[in-house]
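If you want the building blocks of each chain, they are given just below.
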Amino acid sequence: MNGSTAAPEKPAQLDERLVHTSPLRKLLGRPELGSVVGAVAVFLFFAVVADSFLQASSFGTVLYAASVLGIMAAPVALLMIGGEFDLSAGVLVTSSALISSMFSYQMTANVWIGVLVSLLVTLAIGAFNGFMLTRTKLPSFIITLGTFLMLTGLNLGFTKLISGTVSTKAIGDMEGFDSAHALFASTLTVGSVEFKVTILWWIALVAVATWILLRTRFGNWIFAVGGQADAARAVGVPVVRTKIGLYLGVAFAAWISGQHLLFSYDVVQSGEGVGNELTYIIAAVIGGCLITGGYGSAIGSAVGAFIFGMTSKGIVYAEWNPDWFKFFLGAMLLLATLLNAWVRKRAEATT
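Residues numbered from 1 in each chain as written. Predicted model: local features only at pLDDT ≥ 70, side-chain atom pairs only at ≥ 80, totals over all residues. Heavy atoms only, no water.

Selection criterion: UniProt positions are given in the numbering used here, feature names are shortened, and annotations may be inferred rather than shown by experiment.
The name given to the protein chain in an unreviewed UniProt entry is Xylose transport system permease protein XylH, and the organism recorded there is Streptomyces parvus. UniProt's Function (unreviewed entry) comment on the protein chain is quoted here verbatim: "Part of the binding-protein-dependent transport system for D-xylose. Probably responsible for the translocation of the substrate across the membrane."

Here it is, written out as structure tokens:
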């Protein structure tokens, strides 16, 4: 004994990965929490004010309206998580349909040839957006706005040049149309309720997008480049490849939506799709995606699309003037954004 006292040992710090996280904290940390609350509120509201809203047939109609939007909202959500926008997504859907229709008609080929050509061209346009973004360092707003204007002009110009009108020629009697219609635009009957095949496409895309975000290295890269691209690049994240891949995802979904448009109506109007890109972004934002990137989920985009479907059809079932739809859409956007911001602050406060 020398009279000296040993300094007390510091308690070993527990690895943060082993710290128990309460279910409430996990729930508050989910990006789609605010949109789920909003979806429940919208459902209850129209269930009260519209008698036919709760009918089984109405459910199929609501899901169809949601799926048409949701197919595009899922990859747009991933793109926004990656910190970018695509203002050409709406007209790209129309471009995809026009290419399939006009190529098949002019070449008098099986419509599947036109479908495959459309896939290649649509993916090329998506790659162009990603390449120009990463090479020029210009904001995605400028790059895709330019693509939007070019595609709008090309859609109208080529359609009038080839068809002589603003719409394509009918291809319903061509070889392969029935099988393509079955894949992209058929109707499934479950009991007495009819469901469009786009609902299956929607579910599949949301599932794949969620798996990519949560279970793959590419998903980690998406969050990294959306949060801080320079820091991500410094630790070895392939920023260029990631952003081009995100634009290819949007293009692939635009191809699916374009084929649905074509094989549902047989002909395509060249001016369609303008303005839809904002609706895709709205669905993603309502679903919890941040405009600044780095935060969001594919499931949230699906909930946002479902809210859109309930509102667009709920107003009809309530027999209100449909002119009010845009007002409700804008109000939901503001309320959802505020709610998502509040939920995120609460989640950060509990960490």
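## So, the pairing of strand E2 (residues 193-196)
What counts here: For every residue, the accessible area (1.4 Å probe, protein chains only) is compared with the maximum for its type, and the residue is labelled buried under 20%, exposed over 50%, or partly exposed between those bounds. Secondary structure follows DSSP: runs of H or I at least 4 residues long count as helices, runs of E at least 2 residues long count as strands, and numbering of each begins at the N terminus. A pair of strands is considered paired only if DSSP assigns at least 2 bridges between the two.
Residues Val-193 and Phe-195 of E2 are buried on one face, while the alternating residues Glu-194 and Lys-196, pointing to the opposite face, are not. Bridge count between strand E1 (residues 187-190) and E2: four bridges; the pairing is antiparallel. Within the sheet, the bridge partner assigned to Thr-189 lies in E2 and is Glu-194.

## As for the packing of helix H8 (residues 198-215) against helix H11 (residues 239-265)
Quick reminder of the rule: Here the axes come from fitting lines to C-alpha atoms, over the contacting stretch only for helices, and the angles between their N-to-C directions go from 0 to 180 degrees. Roughly parallel refers to an angle under 35 degrees, roughly antiparallel to one over 145, roughly perpendicular to one between 65 and 115, and oblique to any angle outside these ranges. The contact rule is simple, with two residues in contact once any of their heavy atoms fall within 4.5 Å. Following the grouping adopted for this structure description, the nonpolar residues are Ala, Val, Leu, Ile, Met, Phe, Trp, Tyr, Cys and Pro, the charged ones are Asp, Glu, Lys and Arg, and the polar ones are all others, Gly among them.
Orientation of H8 relative to H11, taken along the N-to-C sense of each, is 175 degrees, at an axis distance of 11 Å. With respect to H11, the axis of H8 lies roughly antiparallel. Between H8 and H11, the residues in contact are Thr-198, Trp-201 and Leu-205 and Phe-252, Ala-253, Ile-256 and His-260, respectively. Looking at side-chain class alone, the contact of H8 with H11 contains five nonpolar, two polar and no charged residues.

## Some remarks on the packing of aromatic side chains
Note the cut-off: Ring pairs shown here join Phe, Tyr and Trp side chains whose ring centres sit within 6.5 Å, with only the six-membered ring taken for Trp; geometry is labelled stacked below 30 degrees between planes, edge-to-face above 60, and tilted in between. For a ring to carry a charge above it, either NZ of a lysine or CZ of an arginine must fall within 6 Å of the ring centroid while also lying within 35 degrees of the normal to the ring plane.
The full count for this structure, using the stated rule, is 13 aromatic pairs. Between Phe-184 and Trp-201, the aromatic rings sit 5.8 Å apart at their centres with planes inclined by 5 degrees, giving stacked as the arrangement. Of this pair, Phe-184 sits in helix H7 (residues 177-184) while Trp-201 is found in helix H8, placing the two residues 17 residues apart along the sequence. Here the aromatic residues Trp-112, Phe-177, Phe-184, Trp-201, Phe-252, Trp-255 and Phe-263 are joined through ring pairs into a cluster of three or more. Here Lys-196 stacks its cationic end above the ring of Tyr-64, 5.9 Å away from the centre of that ring.

## Concerning the UniProt feature "transmembrane region" (unreviewed entry) in the protein chain
The residues that UniProt annotates with the feature "transmembrane region" (unreviewed entry) are residues 33-50, 62-80, 111-131, 138-158, 195-214, 280-308 and 324-343. Here residues 33-50 runs as 94% helix and 0% strand, with 26 Å between its end C-alpha atoms. Between the end C-alpha atoms of residues 280-308 the distance is 10 Å, and the span holds 62% helix and 0% strand.

## Details of the pattern of salt bridges
Rule in force here: Counted as salt bridges are all cases of a side-chain nitrogen of Lys or Arg within 4 Å of a carboxyl oxygen of Asp or Glu.
Applying the stated criterion to the full structure yields two salt bridges. One salt bridge in this structure joins Lys-243 and Glu-84, with 2.4 Å as the shortest N-O distance. Within this pair, whereas Lys-243 is found in helix H11, its partner Glu-84 is found in the loop between helix H3 (56-81) and helix H4 (89-107), the two being separated by 159 residues in sequence. Looking at Lys-243, the relative accessible area reads 10%, which means it is buried.

## A word on the side chain of Ser-118
Definition in use: Polar contact is the term for a pair of N or O atoms within 3.5 Å; when the atoms are in protein, one must be able to donate a hydrogen and the other to accept it, and sequence-neighboring residues count only if both atoms are side-chain atoms.
Among the secondary structure elements, Ser-118 is positioned in helix H5 (residues 111-136). The buried category is assigned to Ser-118, whose relative accessible area is 0%. One polar contact links Ser-118 to Gln-259, side chain to side chain, over a distance of 3.3 Å. If we ignore the near neighbours within four places in the chain, the residues touching Ser-118 are Ser-96, Ile-99, Ser-100, Trp-255 and Gln-259.

## Things to note about helix H9 (residues 217-227)
Filter applied, for reference: This arc is taken over the directions from the axis of the helix to the C-beta atoms.
Buried within H9 are the following residues: Gly-219, Trp-221, Ile-222, Val-225 and Gly-226. The arc enclosing the buried residues of H9, seen along the axis, measures out at 155 degrees, which places them on a common side. Among the exposed residues of H9, those oriented more than 90 degrees off its buried face are Arg-217, Asn-220 and Gly-227. Among the structural elements, H3, H8, helix H10 (229-234) and H11 are those in contact with the buried residues of H9.

## Some details on the confidence of the model for the protein chain
Using the following cut-off: Per-residue confidence from the prediction method is given by pLDDT, with values spanning 0 to 100.
In the predicted model, the protein chain carries a mean pLDDT of 88, and 89% of its residues have values of at least 70. Mean pLDDT in the protein chain bottoms out at helix H1 (residues 23-28), which sits at 61, and peaks at H11, which reaches 97. Every residue in residues 10-19 is under pLDDT 50, and counting partners more than four places away or in other chains gives one contact.

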